[in-house]
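Summary of structural features
Here is how the chains run, residue by residue.
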Amino acid sequence: MASEKGSGTSQSFILFELANTAYALKSDVVQQMEMVEQITPVPNSPSFVDGVVFVRGQVVPVVNLRARFGFDRTVRDLRTRLMVVTHAGRTVGLLVDSAREFITVSTEAINQPPETITALSGRYLAGIASIGERLVLILDVAEVLNFQEIAAPTP
């Protein structure tokens, strides 16, 4: 477990990796992390939804974060994890390359994303943390789970 200490308040996060980049989600939205065994495809689902899984008595849709963020898909392996998150009454599994680290980050170490990226794919970012020598992109779970763009009619 890593820790970043400062004089201000701090928040706890679960770190995960996606396309060789470190990301973080607030730990209070993550219910559990699971190894991925079988995902049942669902016809006519959005391209970033791989299907559904049965986790601890609950059917959970699986959002492939690589596809959601526009990265190439990869073959699942032993490091692949399903991060089951809950936000605003919605429970979703986020498929990530790997996840295993729990950290506490001082709020002073978290910066707002630059304006140049917030209008593009950066809309998913709540902040960028500098932890030691690495940068960690902190996700805004509300935006990640906002599927309004798929509900809009296509021109």
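Residues numbered from 1 in each chain as written. Predicted model: local features only at pLDDT ≥ 70, side-chain atom pairs only at ≥ 80, totals over all residues. Heavy atoms only, no water.

1. Here we look at the overall build of the protein
Assigned secondary structure in the protein consists of 4 helices and 12 strands. Put simply, the protein has 155 residues, and 39% of those count as buried. At a minimum sequence separation of 6, the contacts of the protein that also span at least 24 residues come to 58%. A total accessible area of about 9,100 Å² is found for the protein, and carbon and sulfur atoms account for 51% of it. (Helix = DSSP H or I, 4+ residues; strand = E, 2+ residues; numbered from the N terminus. Buried < 20%, exposed > 50% of the residue type's maximum accessible area, 1.4 Å probe, protein only. Contact = heavy atoms within 4.5 Å. Areas by Shrake-Rupley, 256 points an atom, 1.4 Å probe, with all protein chains shown as cover.)

2. A few points about the sheet that holds strand E7 (residues 81-87)
Read from one edge to the other, the open sheet built from 5 strands follows the order E4-E7-E8-E6-E5, with strand pairing classed as mixed. Either end of the sheet is taken by a strand with one partner, and the two such strands are strand E4 (30-35) and strand E5 (49-55). Ignoring strand direction, the axes of neighbouring strands in this sheet form an average angle of 30°. Bridging between E4 and E7 involves 5 bridges; their strand directions are antiparallel. Looking across to E7, one finds that Gln32 is bridged to Val84. (Pairing = 2+ DSSP bridges. Axes fitted to C-alpha atoms, helices over the stretch in contact; angles between N-to-C directions.)

3. Focus on the confidence of the model for the protein
Looking at the protein as a whole, the pLDDT averages 87, with 87% of positions reaching at least 70. Here residues 1-6 scores under 50 on pLDDT; set against residues more than four positions off or in separate chains, the count is 16 contacts. (pLDDT = per-residue confidence, 0-100.)

4. Some points on unusual backbone geometry
Positive phi values are uncommon outside glycine, yet Asn20 reaches one of about 60°. Mapped onto the elements, Asn20 comes out in the loop between strand E2 (10-18) and strand E3 (21-26). Asn20 gets classed as exposed once you look at its relative accessible area, which sits at 72%. Look at Ala88: it is not a glycine, yet its phi comes out positive at around 50°. Along the chain, the position of Ala88 falls in the loop between E7 and strand E8 (90-96).

5. Considering the nonpolar core
One finds Phe16, Leu25, Leu65, Leu94 and Leu139 to be the most contacted residues of the largest nonpolar core, which totals 27 residues. Of all the secondary-structure elements, those providing two or more residues to this core are E2, E3, E7, E8, strand E11 (125-131), strand E12 (134-139) and helix H3 (141-144). The residues touching Leu65, leaving out its near neighbours within four places in the chain, are Phe16, Leu18, Leu94, Leu95, Val96, Leu139 and Val144. Listed in part, the 10 residues of the second largest apolar core include Leu15, Ala109, Ile131 and Ile138. (Core = buried A, V, L, I, M, F, W, Y, C linked by side-chain atoms within 4.5 Å.)

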